[in-house]
Amino acid sequence: MGEECPLTMASHPEEIELKHWPVASQLNPGPLKTLLHKLGLEKQYPNKLTLRSLLEINKDSISDDAVDSLKAVPRYFLRKLLIVNADCRSCTCLPEDESSIDLYRDENPEDNEVNLLDLITALFFCADSFLQQEMALKMSMCQFAVPLLLPPGTGSQSTLMLWALRAILKEWRPHALSESKGFEEGNIVFEQIPFISFVRLKDCSISKSQLLNHIFSSGQQIHNIFPHKDMDGGTAPKTISGGLVEACWYLPCGKSNVGGFPEPLTVANLRGDICASQAQFSFLTQVSTAIFIFLDSVDEDEQKLLLSLGDMGSKLFLVVNSKGEESRNAETSVNEIMEAFKLKSNNKLIWRTNANLAKCSHSIRKPLKYILKECTSKISIESMSNDAIELGLSVDECMTEASKSAAEEILKGIGDQSIVDYKRNQLPLQGEHWKQLAKLEKEECRLKNSGESRLEEYRAKLQQDKLKIRREQNKYKTTTAMASFLGYLATTDKEEKALFLKWLQLKLDIRSQKDMSSLRNRFQEQSLVKQGNKCLEELDQCILDSSLGIEHFMREMGQIYEASSLGNPQASAEHCPLPALAAELLLDGYPFELLDGDASNIPEKWVTDVLMELHRKVGEKSKLLVLTVLGVQSTGKSTLLNTMFGVQFPVSSGRCTRGAFILFLKVGEDMRKDLHCDFILLIDTEGLKSPSLAQLDESCEHDNELATLVIGLSDVTIINIAMENSTEMNDVLQIAVHAFLRMKEVGKIPVCHFVHQNVAGVSAHNKNVTDRKHILDRLNEMTQIAAEMEKRASVNRFTDVLDYDADKNNWYIPGLWHGTPPMAPVNTGYSVAVLDLKKNLLEVLKTCRCEEPSQIPEFIEWMKSLWKAVKYENFIFSFRNTLVAQAYDNLWKEMTQWEWESRKNIYTWQTKADLQISNLEVNSFEIQSEIQDLQKSLKSEALKMVATLEKEMTEKLDAYYKKKDRNVSLIEKNKIDFFHHIWDVHRDILNTENNKLDMAVKLKISTIEADDIHRKQKVRIEQKVLQLLQNPSDNKTPLSDEQLEDEFGKMWSQEVVKIKGLEEQDIPSHVFKQLIRDFSNRNVNEEFQNVETLTAYGMEPFKARDRHICTMTKFKLKMMFGREKKAKESLQRFSESVIDTCRRIILDSTKSQTDYHDSLTKEVLEKINKSLKENYKDLKTNTKFEVDLKLHICGIASREFLQMHRNFLLRKDPQKRLEESKNQYLSAFIDLYRERDHCQRKAQDFVQHSLRPAILQYINSQ
Ligand SMILES: Nc1nc2c(ncn2[C@@H]2O[C@H](COP(=O)(O)OP(=O)(O)O)[C@@H](O)[C@H]2O)c(=O)[nH]1
Ligand SMILES: [Mg+2]
């Protein structure tokens, strides 16, 4: 660092208008020009220094070097200020060269120091409006006074820094609320607060700033709110900061015993003599509740000035520096003023030479308290802008009128409506529709509620439903709010757009605070009552629904885009510029919602198109590294990121959105090589384990999904832990790890770092060794359990899934506040620790990777596949942690076993019942009544039997819960579900059983009837033949075979019409159902959804493949290339032997002459499971292998069992048997006909040719 590198220029100088000030090169020679030159800021003057240029990740941003020239001072100051390091003010003096200290040298201090106030003033001159706002915010976090009136610079008048202060939000607790622990929060510019000014006459020798620091610091330490002469750089002469008015706020913490004031106060401090800054002084007198003038004496001019202010009443307090004898004259002049203003003696405070600061501050506190008590005039800074303009001052935000009114127009649209109504009317797409869509999309993958319907039909129905919702969404016209929002976003002027968004954000915050604080108070009251959870839940939802910010508008934008892309082409053409708008915002450093945590869904098309647009905008150079922070709600995650990178994620205790937000940080040229990337992508998560959401049913599920997605996406994950909720984080982590184990492929192993907040002390790292070990032990233990559950042999430790080093990856960060908020400044230790963490993380990012960082397109692909995996996951996310999941899974397995026993029992019974029915000896006349009796009695027996089985199973479940081992206490709340499940199972068993009995009875009846047909067939055929032969019309020529077939057919169909056949069952689908059940809670949805016909599997020889062997990453696979080949060979041998054994079992089963039954499949699957269990650890098989192997074997089984079933039908089905004998009967019929016909003809012949002539002859012969 040195003279050569002054602050970077604004990266887009053309964006910044030249306001009313001349550029530096046109500055007249004078103190300002000199100072700017000294600080190397000439090129930045005026307002050319942008916030964005300071956010770049470059070497400078992590440098910790001390300043070595005055030109380096501004950069040092800003760098430290942006990471809220309160030590930033110590850079104003260059360190002296120790070797050349020469006590007698006449040093010129101007060469190596700059006055702090001058520095701040100069930086405000040079900063653009966004940087000004950020500087003011960070200064106020450090509890530094901030500029309220900036001196004129080269302009003609001072400026009221209204805009610059707008970002400052504060919380406090007035003494009145100390009982209820309530608090107030607000935008400091907007709040009505008493305003107290402190000014001085000439060179009054009292150090006003030091005194103010004394009065308004609360707690043990005197804090340097206002810079004073005893600080670094305090002695350097001020050249440009005369007339600067600084302001700070005193905010009570609600503890009356701590002293201080009961209400908030604004404190203003005018620098320099009031005579030199008359405009500022008149402004202050106009707006102040009280004004304290520090003076030694009053000369004539000053008297005139004071008197010219007119009636100030009792506002005025004179603090007189008493210097003993000398001050005689002064006293008279003071008294004259007292008289002129009719001031009481209380309004004069004497500062005695021998008094110290403590004493004096007491004497000023007293009247202040009195003023506050009586105070009727409160004022907001916002309302001061009129006064300022009247007095000829300028106001910084006048420049922003256009954007302000644009934002106000949108706000006007809200009017008196509640936010809930407003969102329903104006942002309709993201409401119920979107949530419903999210649910449908997940159901499409998980198929949890398919019930009895066939999967394809069910899926088609879900798709229909989805389309319906999109159509519904498409029906909405763009609402007025969205139209104006999108309209302003489309303005090409970057600064105007930024201003508009800022304004909108500020105004929306203020608006939703109104609804929010009352809701939150009600929530507080309700939660004290403890009962009526219903009410609490409703309030919860209300709080969620009542938050409104820019993110909601952006969310709506995404929904409009998503919906229109499915709708008519015209609408989608109309909305095609939307991704470009959003991409631009992303590039400008705005956060962008990746995952909507309220609905728990990603608008994939929207996100994809926006990111791709961004990719194009940066010339397809978008290599990125992803850094995520994950942690429980309100543990300072956003604060951490903001501090670390100077970004602006929303920070507040009261946010109610949730989800994952991304933000792009540009990497500077000097770091690109080291980091191998162009951007760092920050992901901030919101609303995890938020207590106000905990009661919502799906809260836990959404949290787990969110955590899994973001960890999966990141290169480095920061797990943010505030000590009191480390268990919650632990739980979430377990689930995420477990989810990864269940996924097919997790491409990379994210590095994870634990950040422990609020842990100070140099010894923290050492003292917490056992703590860290404990955490890691626990995570390891849980990973093992999970690996066991998922049969992942290659995973034994937490570090197999996430890259974690207990020693290096733990950070202890002291609390954010140094003292008791709200008056506490940010702890320097916090800032230092965060910077340290940042440096380390960047180092990690440099070295940890084994592959090239991905570009945006790959990132998108990866995100999609991760999210798909999350959507397919049907089990793990609903649990709090791995132990609960395990307890549930154990019991579930047990239940499946019990259920199977029930089914087996009933199967045995049913076989007997079948036999009983089929052995029933009846003749066809008694058939109805006898069989019905038997059917009735069997059904009631079945009912009793099922009831007994159900009772037994219920008792087993009870006993299981009573035993209290196997962590049953964790699944206490699932008990009811399990009981319901038992009930469901037995209803199902009973139904099936009744159907089976009905079928058996039908079969029996048909068999009897068919026997009857067989028995009577001979007679029938004879009758029919006789009938045909007797038919007089046809006795000339015999009937042809066709005619006979036809005749027979007619007769046959009349007879067999009553005989019901047995229906062929869909055996492959029965086998498939058993196969799916066999995987119970495992994550195989995706695999099985692609299976169309099971019978097509297992035709070719089975082949072991790479993807069957368990590895965490592709990278690891490469490393063990040699071993992998061997592993595959033994896997092949193993598979073949299992397949052989199973094939034998299957063939054995088919030899028995029975029908197919599910237990046959079950037997095969159990055999496979047994072999797998014995071998999976050695073979390192994964779920994919298990799925493929089982599909192969079940494919074989499904074909064989189908054949077996068909054979059975052939044997048993009366209809089939009749059909089979039909031909026999037909030929018998034809034969008989022919035979009879022949005989008849023979007889006829005989009659005709022998008998008749003989008879005739005989008659004739008579
Ligand atoms: N006492 C204390 N407060 C903190 C700390 N970090 C953040 N906060 C405050 O906690 C609140 C929530 O912080 P935020 O960063 O929004 O939390 P997030 O929800 O995790 O992003 C803010 O008011 C912060 O000022 C800390 O270390 N100590
Ligand atoms: Mg946050």
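Being a predicted model, the structure only gives us computed values, none of them experimental.

Moving on, we get to the overall build of the protein. Counting secondary structure elements, the protein contains 41 helices and 18 strands. Radius of gyration (C-alpha) of the protein: 44 Å, far over the 33 Å computed for a compact globule of 1262 residues. For the protein, the C-alpha atoms occupy an extent of roughly 190 × 60 × 60 Å along the three principal directions. Taking all 1262 residues of the protein together, the buried fraction comes to 54%. Counting only contacts in the protein whose residues sit at least 6 apart along the sequence, the fraction spanning at least 24 positions is 80%. When the accessible surface of the protein is split by element, carbon and sulfur atoms take 50% of a total near 58000 Å². Charged side chains in the protein number 164 positive and 183 negative. The centres of these two groups are separated by 4 Å.

This part takes up the pattern of salt bridges. The tally for this structure, following the rule as stated, stands at 65 salt bridges. For Lys 497, the salt bridge is made with Glu 584, and the minimal N-O distance between the two is 2.9 Å. With Lys 497 in helix α17 (residues 494-529) and Glu 584 in helix α21 (residues 578-587), the pair connects residues that are 87 residues apart, well separated along the chain. The residue Arg 1077 makes a salt bridge to Glu 899 at a minimum N-O spacing of 2.9 Å.

So, about the confidence of the model for the protein. Across the protein, pLDDT averages 84, with 91% of residues at or above 70. In the model of the protein, helix α37 (residues 1114-1119) stands out as the element of lowest mean pLDDT, 46, in contrast to strand β1 (residues 146-150), which has the highest, 95.

Applying the stated criterion to the full structure yields 33 aromatic pairs. Relative to Trp 503, the ring of Trp 163 has its centre 5.4 Å away and its plane inclined at 55 degrees; by these criteria the two rings are tilted. Of this pair, Trp 163 sits in the loop between β2 (159-160) and β3 (169-172) while Trp 503 sits in helix α17, placing them 340 residues apart in sequence. Judged by relative accessible area, Trp 163 falls into the buried class, the value being 1%. Under the relative-accessibility criterion, Trp 503 is labelled buried at 0%. Between Phe 198 and Phe 294, the aromatic rings sit 6.3 Å apart at their centres with planes inclined by 55 degrees, giving tilted as the arrangement. Placement of Phe 198 in strand β5 (residues 195-200) and of Phe 294 in strand β8 (residues 290-295) is noted, with a sequence separation of 96 residues between them. Considered together, Phe 198 and Phe 294 belong to a single accessibility category, that of buried residues. Members of the aromatic cluster, joined through ring pairs, are Phe 198, Phe 216, Tyr 250, Phe 261, Phe 292, Phe 294 and Phe 317. Here the guanidinium or amino end of Arg 89 rests over the ring plane of Phe 144, the centre of that ring lying 3.6 Å away. Cation over ring: Arg 987 sits above Trp 983, and NZ or CZ is 4.6 Å from the ring centre.

Attention shifts here to the nonpolar core. Core analysis: the largest hydrophobic core is formed by 161 residues, its most contacted members being Phe 77, Phe 216, Phe 292, Ile 364, Leu 675, Ile 680 and Leu 682. The element that contributes the greatest number of residues to this core is helix α4 (residues 116-126), accounting for nine residues. Residues Ala 582, Ile 721, Val 795 and Leu 883 belong to the second largest nonpolar core, which totals 120 residues.

A separate point is the site of ligand 1. Every one of the 15 residues lining ligand 1 counts as a neighbour, but Ser 634, Thr 635, Lys 637, Ser 638 and Thr 639 are closest to it. Ser 634 is positioned with one of its backbone polar atoms (N or O) 2.8 Å from an oxygen atom of ligand 1. Within the side chain of Ser 638, a nitrogen or oxygen atom sits 2.7 Å from an oxygen atom of ligand 1. Protein burial of ligand 1: of its 580 Å² of free accessible surface, 80% is covered by the chains. Per-element accounting of the shell around ligand 1 gives the leading share, three residues, to helix α23 (residues 637-645). Grouping the constituent residues of the shell around ligand 1 by class yields four nonpolar, ten polar and one charged.

Moving on to the sheet that holds β2. Hydrogen bonding along the main chain pairs the strands of a sheet, whether they run parallel or antiparallel. On the basis of which strands lie adjacent, the open sheet formed by nine strands has the order β10-β9-β8-β5-β7-β6-β1-β2-β11 and mixed pairing. The two strands at the open ends of the sheet, each matched to only one other strand, are β10 (348-352) and β11 (394-395). Along the sheet, α4 makes contact with β1, β6 (245-250) and β7 (265-273), crossing β1 at roughly 70 degrees. Lying on the sheet, helix α7 (residues 278-287) is in contact with β1, β2, β5, β6, β7 and β8; it crosses β5 at an angle near 150 degrees.

Attention now moves to a nonpolar patch on the surface. A cluster of nonpolar side chains, namely Phe 1246, Val 1247, Leu 1251, Ile 1255, Tyr 1258 and Ile 1259, defines an oily patch on the protein surface of about 560 Å² accessible area. Given a relative accessible area of 38%, Val 1247 falls into the partly exposed group.

Here Glu 972 is to be found in the loop between α32 (927-963) and α33 (975-1030). Judged by its relative accessible area of 35%, Glu 972 falls in the partly exposed class. The sequence separation of Glu 972 and Ala 833 amounts to 139 residues, and the corresponding C-alpha distance is 43 Å. Excluding its chain neighbours within four sequence positions, the residues that come into contact with Glu 972 are Tyr 961 and Lys 964.

Note the cis peptide between Tyr 45 and Pro 46, where omega equals -15 degrees. Of note, Gln 143 is a non-glycine position whose phi angle comes to about 60 degrees, a positive value. Mapped onto the fold, Gln 143 is located in the loop between α5 (129-141) and β1. A positive phi angle, near 55 degrees, is found at Lys 1180, a position not held by glycine. By secondary structure assignment, the location of Lys 1180 is in the loop between α39 (1158-1179) and α40 (1183-1212).

Here we come to the sheet that holds strand β18 (residues 810-813). Strand order in the open sheet formed by seven strands is β12-β14-β15-β13-β16-β17-β18, and the pairing between neighbours is mixed. Sheet topology places β12 (592-596) and β18 at the edges, where each strand pairs with a single neighbour. The average undirected angle you get between the axes of adjacent strands in this sheet is 25 degrees. Where helix α22 (residues 604-617) meets the sheet, its contacts fall on β12 and β14 (659-666), and the angle it forms with β12 comes to roughly 150 degrees.

Of note, Ser 1135 is situated in helix α38 (residues 1121-1151). Of the residues examined, Ser 1135 reaches a relative accessible area of 0% and is grouped as buried. Every residue in contact with Ser 1135, bar those within four places of it in the chain, is listed here: Phe 1102, Phe 1185 and Leu 1189.

Moving on: helix α13 (residues 419-426). Those residues of α13 that sit buried are Ile 419, Tyr 422, Lys 423 and Gln 426. One face of α13 carries all of its buried residues, which in axial projection span an arc of 95 degrees.

Right, let's talk about the packing of helix α28 (residues 769-790) against helix α31 (residues 882-919) for a bit. Contact geometry of α28 with α31 gives a least axis separation of 10 Å together with a crossing angle of 30 degrees. The orientation of α28 with respect to α31, classified from their angle, is roughly parallel. Along this stretch, α28 crosses α31, giving a crossing that reads as left-handed. The segment α28 lies against α31, with Arg 778, Met 782, Ile 785, Ala 786 and Met 789 engaging Thr 882, Leu 883, Ala 885, Gln 886 and Asp 889.

With that out of the way, let us pick up the state of the cysteines. Considering all chains together, one arrives at zero disulfides under this definition. Looking at the unpaired Cys 91, the closest cysteine sulfur is the one in Cys 88, lying at 7.0 Å. Relative accessible area serves as the criterion here: at 2%, Cys 91 is assigned to the buried category.

Attention now goes to the side chain of Asp 296. For Asp 296, the location among the structural elements is in the loop between β8 and α8 (300-308). Residue class for Asp 296 comes out buried when judged on its relative accessible area of 17%. Among the polar contacts made by the side chain of Asp 296, one reaches the side chain of Asn 321 at a distance of 3.2 Å. With sequence-adjacent residues up to four places away left out, Asp 296 is seen in contact with Asp 203, Cys 204, Ser 205, Val 320, Asn 321, Lys 323 and Ala 330.

This brings us to the packing of α4 against α5. It is the contact of α4 with α5, at a shortest axis distance of 9 Å, that shows an interaxial angle of 145 degrees. Between α4 and α5, the contacting residues are Ile 120, Leu 123 and Phe 124 on the first element and Gln 132, Met 135, Ala 136 and Met 139 on the second. Tallied by class, residues from the contact of α4 with α5 come to six nonpolar, one polar and no charged.

What counts and how
Residues numbered from 1 in each chain as written. Chains lettered and ligands numbered in written order. Predicted model: local features only at pLDDT ≥ 70, side-chain atom pairs only at ≥ 80, totals over all residues. Heavy atoms only, no water. Helix = DSSP H or I, 4+ residues; strand = E, 2+ residues; numbered from the N terminus. Rg over C-alpha atoms; globule rule 2.2 N^0.38 Å. Buried < 20%, exposed > 50% of the residue type's maximum accessible area, 1.4 Å probe, protein only. Contact = heavy atoms within 4.5 Å. Areas by Shrake-Rupley, 256 points an atom, 1.4 Å probe, with all protein chains shown as cover. Lys, Arg positive; Asp, Glu negative; His and termini not counted. Charge placed at Lys NZ, Arg CZ, Asp CG, Glu CD. Salt bridge = Lys/Arg side-chain N within 4 Å of Asp/Glu carboxyl O. pLDDT = per-residue confidence, 0-100. Phe/Tyr/Trp six-rings, centres within 6.5 Å; stacked < 30°, edge-to-face > 60°. Lys NZ or Arg CZ within 6 Å of the ring centre and 35° of its normal. Core = buried A, V, L, I, M, F, W, Y, C linked by side-chain atoms within 4.5 Å. Near = heavy atom within 4 Å. Polar contact = N/O pair within 3.5 Å; in protein donor to acceptor, adjacent residues only side chain to side chain. Nonpolar A, V, L, I, M, F, W, Y, C, P; charged D, E, K, R; others polar. Pairing = 2+ DSSP bridges. Axes fitted to C-alpha atoms, helices over the stretch in contact; angles between N-to-C directions. Patch = residues over 30% accessible without salt bridge, like charges linked within 9 Å, V, L, I, M, F, W, Y side chains within 5 Å. Arc of directions from axis to C-beta. Parallel < 35°, antiparallel > 145°, perpendicular 65-115°, else oblique. Left-handed = near helix turned anticlockwise from the far one by under 90°. Disulfide = S-S within 2.5 Å.

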